[in-house]
Amino acid sequence: TIEKDGTELQKVNWLKNDPDKHIAIMPLEEDGEYKVIAECMDKSGNIMANYESDILVVDKQAPIIQKSEYDVKSQKLQIEVKERNFDPRDVLAKLTVTDAPEDSINRELLADIQDVENWQTEKGSHIHTYKREITADGKYTLELSCKDLSNNEVEIVIKDFTIDHTAPTNPE
């Protein structure tokens with residue numbers, strides 16, 4: 001039997017090569033987590049211990065960056081990635097800023113974004129969300145890319161945003 005994502009797909013049709021050896025071939029073409037389960041009994045009625053494979057992952061689809069934006073009200077940068085085989089350490093982010101201390105923000109952001117603890121995953125989904133407060137005035141450009149555990153890469157996403165808490169001054 002072959003299971004995909006915990007659901008039985010179909011019984012496998014075995015090819016008979018010789019009296020003591022049987023082979024089955026089934027291509028695993030769709031993205032998913034597969035498991036092979038085998039039970040066998042020989043002609044004398046001896047039953048083999050059940051076999052259950054490790055999980056076999058098929059992943060041909062690149063991650064999807066669904067959201068990368070700065071929310072002015074909450075003052076938070078929010079990134080949302082949809083990916084079955086997600087690891088935050090495979091997210092690369094570069095924040096370029098004008099009129100603010102760029103180097104410290106970049107180092108902090110990259111370390112923060114690659115920390116598993118800073119991502120939330122919706123229960124029962126493959127949607128992963130990262131939020132970080134950024135309050136320093138400046139013009140920002142966020143360059144974001146990521147890959148999954150199968151090395152499928154998403155194109156670089158570039159977002160520009162401005163933070164401006166400084167009120168205009170009245171020249172005297």
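Please refer to the structure placed before this passage.
*Asks:* Give a detailed account of the packing of aromatic side chains, specifying residues and quantitative values.
*Replies:* Summed over the entire model, instances satisfying the criterion amount to four aromatic pairs. With centroids separated by 5.5 Å and ring planes inclined at 40°, the aromatic side chains of Trp119 and Tyr130 adopt a geometry described as tilted. Here Trp119 is found in strand β11 (residues 119-121), whereas its partner Tyr130 is found in strand β12 (residues 127-133), with eleven residues between them in sequence. Classification of Trp119 as buried rests on a relative accessible area of 7%. You can call Tyr130 buried: its relative accessible area is 0%. Ring centres of Tyr140 and Phe161 lie 5.0 Å apart, and the angle between their planes is 5°; this geometry places the pair in the stacked category. In this pair, Tyr140 sits in strand β13 (residues 138-146) while Phe161 sits in strand β14 (residues 157-163), placing the two residues 21 residues apart along the sequence. Each member of the pair, Tyr140 together with Phe161, is buried. An aromatic cluster of three or more residues is present, and its members are Tyr70, Tyr140 and Phe161.

*Asks:* Pulling in residues and values, what's your account of the sheet that holds β11?
*Replies:* Judged by pairing direction, the sheet is antiparallel, and its four strands sit side by side in the order β8-β9-β12-β11 without closing on themselves. Of all strands in the sheet, those with a lone pairing partner are β8 (64-71) and β11, marking the two edges. The average undirected angle you get between the axes of adjacent strands in this sheet is 20°. Bridge count for β8 against strand β9 (residues 76-82) is seven bridges, and the pairing is antiparallel. Of the residues in β9, the one forming a bridge with Asp71 is Lys76.

*Asks:* Help me get a handle on the pattern of salt bridges, residues and values and all.
*Replies:* Enumeration according to the criterion identifies five salt bridges in this entry. As a salt-bridge pair, Glu30 and Lys4 come within 3.0 Å of each other at their nearest N and O atoms. Separated by 26 residues along the polypeptide, Glu30 in the loop between β4 (21-23) and β5 (32-38) and Lys4 in strand β1 (residues 2-4) bring together distant segments of the chain. Among the salt bridges present, the one from Arg84 reaches Asp5, with a minimum N-O distance of 3.0 Å.

*Asks:* Just give me the short version of the side chain of Glu83, but keep the residues and values in it.
*Replies:* Among the structural elements, Glu83 can be located in the loop between β9 and β10 (91-98). Despite being buried, Glu83 has no salt bridge partner; Arg84 is the closest side chain of opposite charge, sitting 6.7 Å away. Here Asn85 takes part through its backbone nitrogen, which lies 2.9 Å from a polar atom of the side chain of Glu83. Beyond its immediate sequence surroundings of up to four residues, Glu83 is in contact with Asp59, Gln61, Ala62, Pro63, His126, His128 and Asp148.

*Asks:* Hey, could you go over the sheet that holds β14 for me, with residue numbers and the actual values?
*Replies:* Spatial ordering of the open sheet is given by β10-β13-β14, a layout of three strands whose pairing is antiparallel. Of all strands in the sheet, those with a lone pairing partner are β10 and β14, marking the two edges. Put simply, the sheet's adjacent strands are angled 20° from each other on average, direction ignored. Inspection of the sheet shows β10 paired to β13 by eight bridges, in the antiparallel sense. Of the residues in β13, the one forming a bridge with Leu92 is Ser145.

Definitions and limits used
- Residues numbered from 1 in each chain as written.
- Predicted model: local features only at pLDDT ≥ 70, side-chain atom pairs only at ≥ 80, totals over all residues.
- Heavy atoms only, no water.
- Phe/Tyr/Trp six-rings, centres within 6.5 Å; stacked < 30°, edge-to-face > 60°.
- Helix = DSSP H or I, 4+ residues; strand = E, 2+ residues; numbered from the N terminus.
- Buried < 20%, exposed > 50% of the residue type's maximum accessible area, 1.4 Å probe, protein only.
- Pairing = 2+ DSSP bridges.
- Axes fitted to C-alpha atoms, helices over the stretch in contact; angles between N-to-C directions.
- Salt bridge = Lys/Arg side-chain N within 4 Å of Asp/Glu carboxyl O.
- Lys, Arg positive; Asp, Glu negative; His and termini not counted.
- Polar contact = N/O pair within 3.5 Å; in protein donor to acceptor, adjacent residues only side chain to side chain.
- Contact = heavy atoms within 4.5 Å.

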